[in-house]
Amino acid sequence: MDLPKLAIAALGGTVSMQARSAGEGVIPTVSGETLLASLPQLRAMARVTVETLGLLPSASLDFEFLLSVLGWANEQVEQGATGVVITQGTDTLEETAAFFDYLWAHDEPLVLTGAMRSADQAGADGPANFLDGCRVALAVESRRRGVQVVMNGQIHSAGAVRKTDSLALQAFSSAIVGPVGLMVEGNVHYLRPPGQRTVLPVPQRTSQNVALLEASLSADSLLLENIVALGYDGLVIGGFGAGHASERWADAIVHIAEKIPVVIATRTGSGSTARSSYGFIGSERDLIDKGAFMAGFLCPRKARILLWLLIGCQRQDELEHHLTPL
Ligand code: GLU
């Protein structure tokens with residue numbers, strides 16, 4: 001039987017980490033080829049190609065590097081891959097998932113996975129997540145679902161997933177909607193049909209800077225007031241509650257929004273920003289009147305990625321259109 005082609009890339013992260021010697025901290029050293037060797041059963045499921053594109057902690061991934069990874073993934077699909085799996089660190093997985101999802105123009109699934117426990121820890125979850133990720137990438141039911149994150153037996157859509165625990169095995173969740181699917185006895189089981197997706201062109205420009213600030217109680221406005229002078233091209237604020245800021249910040253935002261796009265998301269971790277509920281200075285109504293955009297269900301970090309991509313392909317005038325759906 002002709003087996004499907006599965007393309008795998010390793011970028012680093014805990015799934016690729018080991019200590020050089022006892023007592024040292026773990027660092028990324030394990031190649032994609034070695035990860036693959038720990039799962040011999042994969043060879044019976046697919047014709048697998050694997051590449052080690054990086055050995056980085058995920059905090060040090062950047063947009064330019066991710067664009068080169070996207071180019072590699074596009075090539076794999078153009079050369080006949082049924083699905084693509086990328087392993088990386090979990091710390092920024094929710095952001096890379098959103099980044100790739102905005103740019104993934106194929107029906108073939110792109111799956112991101114990683115591990116919470118390094119290869120040398122008891123009960124390491126890397127091999128199980130990796131195998132599940134491959135199963136999801138090979139499943140026909142995964143087509144037209146864009147980019148998904150597979151961790152701890154759950155499948156999460158790129159738009160909703162967040163890392164919500166720093167060290168637990170169950171580190172990922174999707175607020176309100178929950179996982180889009182589950183692994184059941186090694187099979188891929190979806191709980192919902194595929195949703196609508198936004199696909200943007202690959203940005204031509206990558207030098208833009210989008211700042212992300214979080215509102216906090218009694219915060220000064222020193223950084224905020226200097227955002228434009230510092231050369232930022234866009235600003236996202238993780239606002240209080242339903243998208244609110246202090247009076248002091250509201251006074252600064254009105255001047256910033258005249259110059260660069262300002263997006264207000266909620267810092268709460270769940271739910272949407274409001275549009276028409278509150279009327280105090282710094283409320284969502286006031287900030288909209290002052291020229292800011294409300295992020296809807298998009299969390300601050302994913303809103304920053306969207307704004308960075310839109311500026312990069314000169315489509316910032318479409319910002320509001322892309323901000324409402326989950
Ligand atoms: N817990 C993180 C991981 O899963 C730490 C390192 C990283 O994100 O690369 O990989």
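Residues numbered from 1 in each chain as written. Predicted model: local features only at pLDDT ≥ 70, side-chain atom pairs only at ≥ 80, totals over all residues. Heavy atoms only, no water.

Quick look at the overall build of the chain now. Looking only at helices and strands, one finds 9 helices and 16 strands in the chain. Computed over the C-alpha atoms, the radius of gyration of the chain is 20 Å, within 12% of the 20 Å expected from 2.2 N^0.38 for a compact globule of 326 residues. Overall, the C-alpha framework of the chain stretches about 65 × 45 × 35 Å when taken along its three principal axes. Counting only residues that meet the buried cut, the chain has 52% of its 326 residues in that class. Sequence-distant contacts in the chain: of pairs separated by 6 or more residues, those separated by 24 or more amount to 72%. Carbon and sulfur atoms make up 50% of the accessible area of the chain, which totals about 14300 Å². (Helix = DSSP H or I, 4+ residues; strand = E, 2+ residues; numbered from the N terminus. Rg over C-alpha atoms; globule rule 2.2 N^0.38 Å. Buried < 20%, exposed > 50% of the residue type's maximum accessible area, 1.4 Å probe, protein only. Contact = heavy atoms within 4.5 Å. Areas by Shrake-Rupley, 256 points an atom, 1.4 Å probe, with all protein chains shown as cover.)

With that out of the way, let us pick up the sheet that holds strand E7 (residues 147–151). With mixed pairing, the 8 strands of this open sheet are ordered in space as E4-E1-E5-E6-E7-E8-E11-E12. What marks the edges here is a single partner per strand, and that holds for strand E4 (47–56) and strand E12 (187–190). Taking each pair of neighbouring strands and ignoring which way they run, the sheet shows an average axis angle of 25°. As paired strands, strand E1 (residues 5–12) and E4 are joined by 7 bridges and run parallel to one another. Bridging from a neighbouring strand, Gly 12 pairs with Leu 56 of E4. Strands strand E5 (83–87), strand E6 (110–113) and E7 of the sheet are contacted by helix H3 (residues 93–103), whose axis makes an angle of about 155° with E7. (Pairing = 2+ DSSP bridges. Axes fitted to C-alpha atoms, helices over the stretch in contact; angles between N-to-C directions.)

If you check the shell around the ligand, you find Gly 13, Thr 14, Met 17, Pro 57, Ser 58, Gly 89, Thr 90, Asp 91, Ala 115 and Lys 163 and nothing else. Interatomic distance of 2.7 Å between a backbone N/O atom of Thr 14 and an oxygen atom of the ligand. In the environment of the ligand, an oxygen atom lies 2.6 Å from a nitrogen or oxygen atom belonging to the side chain of Thr 90. Relative to its unbound accessible surface of 280 Å², the ligand loses 87% to contact with the protein. Here the residues of the shell around the ligand sort into 3 nonpolar, 5 polar and 2 charged. (Near = heavy atom within 4 Å. Polar contact = N/O pair within 3.5 Å; in protein donor to acceptor, adjacent residues only side chain to side chain. Nonpolar A, V, L, I, M, F, W, Y, C, P; charged D, E, K, R; others polar.)

Where nonpolar side chains cluster on the molecular surface, the patch consists of Ile 176, Val 177 and Phe 297 and spans about 250 Å² of accessible area. Take Phe 297: it is sitting in the loop between strand E16 (293–294) and helix H8 (300–312). (Patch = residues over 30% accessible without salt bridge, like charges linked within 9 Å, V, L, I, M, F, W, Y side chains within 5 Å. Salt bridge = Lys/Arg side-chain N within 4 Å of Asp/Glu carboxyl O.)

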